[in-house]
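Understanding the architecture of this molecule
Listed here are the chains, written in short residue letters.
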Amino acid sequence: MLSVNRALGQRPESPSLVVATTALQLGLVVLVWLVALVPAALAALTLLLVKTACGFFRPSRVKRPIGS
């Protein structure tokens with residue numbers, strides 16, 4: 001067991017491999033967030049548009065003066 005730990009400790013890490021792995025992990029996190037947030041944003045935008053459209057077709061509450 002000691003020889004395995006010593007062998008792993010002596011093996012140097014490649015800096016380019018560390019950068020590539022870190023970039024891949026960050027990209028995966030961003031992708032998961034986008035997959036989670038885009039549908040929620042589209043649902044909120046759709047609800048906002050539907051409520052706005054319903055407001056356009058609703059009769060006005062403003063009363064006209066009688067003499068007009």
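Structure's up top.
Residues numbered from 1 in each chain as written. Predicted model: local features only at pLDDT ≥ 70, side-chain atom pairs only at ≥ 80, totals over all residues. Heavy atoms only, no water.

What follows concerns the overall build of the chain. Along the chain, the regular secondary structure elements total 2 helices and 0 strands. When the 68 residues of the chain are sorted by exposure, 0% land in the buried category. Summing over all exposed atoms, the chain offers an accessible surface of approximately 6,800 Å²; the carbon and sulfur share of this is 73%. (Helix = DSSP H or I, 4+ residues; strand = E, 2+ residues; numbered from the N terminus. Buried < 20%, exposed > 50% of the residue type's maximum accessible area, 1.4 Å probe, protein only. Areas by Shrake-Rupley, 256 points an atom, 1.4 Å probe, with all protein chains shown as cover.)

A few words now on a nonpolar patch on the surface. A surface patch of nonpolar side chains, about 770 Å² in accessible area, is lined by L26, V30, L34, V38, L42, L45, L48 and L49. Relative to the assigned elements, V38 resides in helix α2 (residues 15–57). On the basis of relative accessible area, V38 is assigned to the partly exposed category, the value being 42%. (Patch = residues over 30% accessible without salt bridge, like charges linked within 9 Å, V, L, I, M, F, W, Y side chains within 5 Å. Salt bridge = Lys/Arg side-chain N within 4 Å of Asp/Glu carboxyl O.)

Limitation: the analysis is restricted to geometry and does not speak to function.
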